[in-house]
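Residue-level structural notes
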Amino acid sequence: MPRPSKLTSTVPPSTTRADVSSGTTQIDSSLAGPSRTTSSVTTAPTKGPISLSPPQDETFESGGQDLKQETDDWVSIGKHKTPEQGGATGRWKFWSYPLINLRKDKLDPSTEDLQSRPPQAISRKARRRLMKETQNIKTEELKVTDKVIALMGPTGSGKSTLISTVSGADQGVHDLMPCTNEIKAMRVRVTREDEDIDVVLVDTPGFDDTYKSDYEILQMISEWIKQALGYKNILLDGLLYLHRISGNRMAGTPLKNLEVFKKICGPQACTRVAMVTTMWDDVKSKEMGDMRKRELVASFWKPMIDRGSKVVRYSNTSDSAWAILDPFLGHRKQEMAPIRIQKETVQQNKQLKNTDAGQELYNELDEIDKTRLSLVGKLQKQIERSGSGGEIVEILQLQLAELKREHDKTVAELQQLKMSAPKRFLKHLKNAARYR
Ligand SMILES: Nc1nc2c(ncn2[C@@H]2O[C@H](COP(=O)(O)OP(=O)(O)O)[C@@H](O)[C@H]2O)c(=O)[nH]1
Ligand SMILES: [Mg+2]
């Protein structure tokens, strides 16, 4: 793509609004095409069940004018079309190329040359930067028409990678954020059955994050979901639970993540859940992967599958990601119920510790800590037997100290989640009547 000659704008820079406080990039709806409201970064068209908008807009491909607008603090890059070129109103149209408002003070040398390049020519490195700039959508920026899909699962199960694949961002997004220790939501516009849809993908940290405790993570997830319902009655259209098929353990972390996930959704929302197996290219053999999947389907995942959850395989391509998302994009909002944690925290005004998910986390942490304590006992005995001094004793003592630190952390978390004894008993009775 040749460098554009000097670009001019028919839209005065003052009409471009950018949300300075949140640092997110939003384009004023008054500038968008007739049926468009706000726009976020979207990507090159994809094949498959869904294509990014516009589907086959030849006039867009060939026509239109690359446009750059600048104010003292901002630079905006986009595509401008006059009515003759196919723009319905002669105003800005924002389609599938990255159309961006960037705060100049946030530009680093790698993105500087964006200012003189058309969006199509954005370099790989610069694009990463753009995705980072535009990734977060706060709950108050959600629209009732958004299709909201949350991704959950252990750390390393491929959530952030799937989101960057969907958005067309290169793999850099998750490299920049190896641990998603906050909730991130990103909006992508797609055309489905001739209708433009804004899909918001919500990336959540796993219950095993390096920086945040499990309690803090549940609190973050619950707060995000609660706010979405509280502000604008926004419900989750879909929930994806990701599971790394190349991992051979189900005990510990994966189980804790799954059990809490089940309680976050509740049995009613199972029809809006897909259990997604990932990293098939990393499993020793396909047979091994198939065997693990069969085990999951027959045991751990069975209660959810019995209530309508689907099991799907993700093959790390954009087509595969959209095929997974597609069934969730046609739900009619009025036919949906809130997921369990949303119902509990908003409609029933429960504290987090009194929710099913809060209690599940308590039980899981309690279980893990019991195992840890028995290990502490064994280590102490071994140290006593080994006498004082020596390298082995030193190593054992280090391990012991580490276990004790973990135990102290868990005790603090358990304290935050502790329910009164009568409430716990009632909860137990109720849960016995529902699925586990
Ligand atoms: N081999 C392989 N690696 C993957 C795949 N998807 C993600 N990864 C890698 O797995 C690691 C964890 O992925 P990430 O998306 O950060 O997981 P998250 O913690 O669930 O967000 C990253 O290093 C990815 O590059 C995949 O399909 N195959
Ligand atoms: Mg992540």
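Worth saying up front: this structure is predicted, and the values here are computed from it rather than measured. (Residues numbered from 1 in each chain as written. Chains lettered and ligands numbered in written order. Predicted model: local features only at pLDDT ≥ 70, side-chain atom pairs only at ≥ 80, totals over all residues. Heavy atoms only, no water.)

1. Things to note about the packing of aromatic side chains
Tallying each qualifying case throughout the model produces one aromatic pair. With centroids separated by 5.0 Å and ring planes inclined at 40 degrees, the aromatic side chains of Y241 and F261 adopt a geometry described as tilted. Linking Y241 in strand β8 (residues 238-244) with F261 in helix α7 (residues 253-265), this pair joins segments that are 20 residues apart in sequence. In this structure, R313 is placed above the aromatic ring of W280, and the distance from its NZ or CZ to the ring centre is 3.6 Å. (Phe/Tyr/Trp six-rings, centres within 6.5 Å; stacked < 30°, edge-to-face > 60°. Helix = DSSP H or I, 4+ residues; strand = E, 2+ residues; numbered from the N terminus. Lys NZ or Arg CZ within 6 Å of the ring centre and 35° of its normal.)

2. Looking at the confidence of the model for the protein
Per-residue pLDDT for the protein has a mean of 70; in total, 63% of the residues score no lower than 70. Low pLDDT, under 50, characterises residues 74-134; the predicted model gives this stretch 177 contacts beyond four residues in sequence or across chains. (pLDDT = per-residue confidence, 0-100. Contact = heavy atoms within 4.5 Å.)

3. Some remarks on the nonpolar core
L218, W224, I225, F261 and I264 are the most contacted members of the largest nonpolar core, which has 47 residues in total. Elements supplying a minimum of two residues to this core: β5 (147-152), β7 (195-203), α6 (214-232), β8, α7, β9 (273-278), α12 (356-386) and α13 (391-417). For this core, the leading source of residues is α6, giving eight residues. Shared between two domains, this core takes at least three residues from each, and those domains are domain 2 (135-349) and domain 3 (356-433). Core analysis: the next-biggest nonpolar cluster, separate from the first, contains 22 residues, I197, L242, Y314 and L329 among them. (Core = buried A, V, L, I, M, F, W, Y, C linked by side-chain atoms within 4.5 Å. Buried < 20%, exposed > 50% of the residue type's maximum accessible area, 1.4 Å probe, protein only. Domains from an automatic or database assignment.)

4. Quick notes on unusual backbone geometry
Positioned with a positive phi, M279 is a non-glycine residue whose angle comes to about 60 degrees. Mapping M279 onto the fold places it in the loop between β9 and α8 (286-298). Judged by relative accessible area, which is 27%, M279 ranks as partly exposed. Despite not being glycine, N316 shows a phi value in the positive range, around 65 degrees. Its location among the elements puts N316 in the loop between β10 (310-313) and α10 (318-325). By relative accessible area, which is 41% here, N316 ends up partly exposed.

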